[in-house]
Structure formats: C-alpha cells, structure tokens
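# Coordinate analysis (summary)
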Amino acid sequence: MRLGAVLMASGAGRRFGGNKLLHPVDGVPMIQRAMAAVPAELLDRACVVSCYPDILTLAGGRGYVPVPNPDAAQGQSASVRLGLAALTDMDGVLFSVCDQPWLRRDSVERLLADFAAHPDCVCALGWRGERGSPAVFPRELFPELLALTGDRGGGGVIRANQERLRLVEASASMELQDVDTAWPATCSD
C-alpha cells in the first residue's frame, strides 16, 4: 500500500496577523512542528502546498515535494487539489493543516496504521468522539476531493461519506487545537 501526505501551508493568517506558520511555539516555528509530526519518511511521498517561497524551500530541504500554490486566495480547496494532484498514484493520502502545533508523530503513526488496516475507510484523528485533523482518505474518494471549491477542505467529503469514517483517538486534546490568533507561544500540555 502506497501512502502520501499533503501538508497544507497556504493560509493567509488574517486573524493571526500574518504568516503564522513561521511563528515559534515553544521555540520551534509551527511549520517545523508540522513537519516533525508528519515527517516525509513515514510516507511513500509527502508534499507541502504553500504560497510562501520560504516554506517551500524549507519543505524541499526536508524531503517533501514543494508544491507552489498560486491560487491560495481560493481557500483550502486549492491546497487540497494541488496536493492531491501530486499524489494521485497513492492508495491513500493524509491531509494535515499546519497550524496544530501540538500534533504528535505517534498519533500520526497510529492514524496511518489504522488506515493501512482499513484501506476503504476515511481515518481521522479525533478526541472523545469528535472528529479532528489530520485525516487519511482512500483513493476511491480522490475524485470528490478534486471537485472541492472555495474555502472547503475534506470535511464535506467526510460528511458525505460518514459511514466510512473511523476515528483514531489522539493522545491529548491539545493535538487537535489549531492556532488562529497570536498568543504566548508556550504549551503546558
């Protein structure tokens, strides 16, 4: 089974006040924390979709396929389509946002293992029955992902295929929290 990953790193960070992915959390920029949680070596191919040249350069240096996103203003769907276009030969693709600085590699490894055991399902990280991100989608759902438009990610595809959803419990609730506004960059969890 061939598995890929798309790290979506094109957000404008309007509520944050700029490119939040370079903002340090516990001394490490969020984009580097995302790459540590979803390292390229766990997958057959992993890409980072971004409109930021410095993030694309960093991605290429860490073993990810850098995918420029000239359509970032279209919202999440552009990142989904561009990333998936680089991975259409995979059996499953994990999609992860890059503003969840407490996401852990061991949770991602469990998520990938669950998908490998259930390759017809959508496997998503969750906490106490609530779905979160990242999620792994099987090849059969790629056409639905490629048809997304606007500021929509895979959530709509999951809702349309609810019977295929499997939740994998995160190690802590903090893993599923994203950062939308500037705040003190430390974590106590």
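Residues numbered from 1 in each chain as written. Predicted model: local features only at pLDDT ≥ 70, side-chain atom pairs only at ≥ 80, totals over all residues. Heavy atoms only, no water.

Looking at the secondary structure, you find Leu-22 in the loop between strand 1 (3-8) and strand 2 (24-25). Residues contacting Leu-22, with those up to four places away along its chain left out, are Pro-29, Ile-31, Asp-54 and Ile-55. (Helix = DSSP H or I, 4+ residues; strand = E, 2+ residues; numbered from the N terminus. Contact = heavy atoms within 4.5 Å.)

Read across the open sheet, the seven strands follow the order 5-4-1-6-8-7-9; overall the sheet is mixed. Sheet topology places strand 5 (65-68) and strand 9 (165-169) at the edges, where each strand pairs with a single neighbour. Within this sheet the neighbouring strands show an average axis-to-axis angle of 25°, counted without direction. Sheet topology note: the strand 7 (residues 122-127)/strand 8 (residues 130-138) ladder contains four bridges and is antiparallel. (Pairing = 2+ DSSP bridges. Axes fitted to C-alpha atoms, helices over the stretch in contact; angles between N-to-C directions.)

Below, the discussion takes up the nonpolar core. With 36 residues, the main nonpolar core has Val-38, Val-48, Tyr-64 and Leu-94 as its most contacted residues. Those elements that provide at least two residues to this core are strand 1, helix 1 (30-37), strand 4 (45-50), helix 2 (53-61), helix 4 (105-117) and strand 7. The element that contributes the greatest number of residues to this core is helix 1, accounting for five residues. Discounting chain neighbours no more than four positions away, the residues touching Val-48 are Leu-7, Ala-9, Met-35, Ile-55, Leu-56, Ala-59, Tyr-64, Val-65, Pro-66 and Val-67. Among the nonpolar cores identified, the runner-up in size contains 22 residues, and Val-6, Met-8, Leu-145 and Leu-165 belong to it. (Core = buried A, V, L, I, M, F, W, Y, C linked by side-chain atoms within 4.5 Å. Buried < 20%, exposed > 50% of the residue type's maximum accessible area, 1.4 Å probe, protein only.)

Another aspect to go through is the pattern of salt bridges. Applying the stated criterion across every chain yields a total of eight salt bridges. We note a salt bridge from Arg-105 to Glu-41, for which the minimum N-O separation is 3.3 Å. With Arg-105 in helix 4 and Glu-41 in the loop between helix 1 and strand 4, this residue pair connects regions lying 64 residues apart in the sequence. Arg-45 is the salt-bridge partner of Asp-89, the closest N and O atoms lying 2.8 Å from each other. With Asp-89 in the loop between helix 3 (76-85) and strand 6 (92-97) and Arg-45 in strand 4, this pair connects stretches of sequence that are 44 residues apart. By relative accessible area, which is 35% here, Asp-89 ends up partly exposed. (Salt bridge = Lys/Arg side-chain N within 4 Å of Asp/Glu carboxyl O.)

A few words now on the packing of helix 1 against helix 2. Any two packed helices are characterised by the angle at which their axes cross and by the distance between the axes. Remark: helix 1 packs on helix 2, axes separated minimally by 11 Å, with the N-to-C direction vectors making an angle of 30°. As judged from the angle between their axes, helix 1 and helix 2 are roughly parallel. Judged by the sense of rotation from one axis to the other, the crossing of helix 1 with helix 2 is right-handed. Between helix 1 and helix 2, the contacting residues are Ile-31, Gln-32 and Met-35 on the first element and Ile-55, Leu-58 and Ala-59 on the second. Class assignment of the residues belonging to the contact of helix 1 with helix 2 gives a composition of five nonpolar, one polar and no charged. (Parallel < 35°, antiparallel > 145°, perpendicular 65-115°, else oblique. Left-handed = near helix turned anticlockwise from the far one by under 90°. Nonpolar A, V, L, I, M, F, W, Y, C, P; charged D, E, K, R; others polar.)

Now for unusual backbone geometry. The step from Ser-133 to Pro-134 runs through a cis peptide bond, and the omega angle for that step is 10°. Structurally, Pro-134 can be placed in strand 8. One non-glycine residue, Asp-26, lies in positive phi territory at about 50°. Looking at where Asp-26 falls in the secondary structure, it is placed in the loop between strand 2 and strand 3 (28-29). Here Asp-26 falls in the partly exposed class, since its relative accessible area comes to 39%. Here the phi dihedral of Arg-128 falls at roughly 50°; this positive angle occurs in a residue that is not glycine.

Tracing the chain through its elements places Ser-77 in helix 3. Ignoring anything within four residues of it in the chain, the contact list for Ser-77 reads Leu-148, Thr-149, Gly-150 and Arg-152.

As a further point, take the packing of aromatic side chains. Within this structure, the stated rule accounts for one aromatic pair. The interplanar angle of 75° and the centroid separation of 5.8 Å between the aromatic rings of Phe-95 and Phe-137 together place this pair among those described as edge-to-face. Note that Phe-95 is positioned in strand 6 and Phe-137 in strand 8, a separation of 42 residues in sequence. Each member of the pair, Phe-95 as well as Phe-137, carries the same accessibility label: buried. (Phe/Tyr/Trp six-rings, centres within 6.5 Å; stacked < 30°, edge-to-face > 60°.)

Geometric descriptors of this kind do not, in isolation, establish any biological role.
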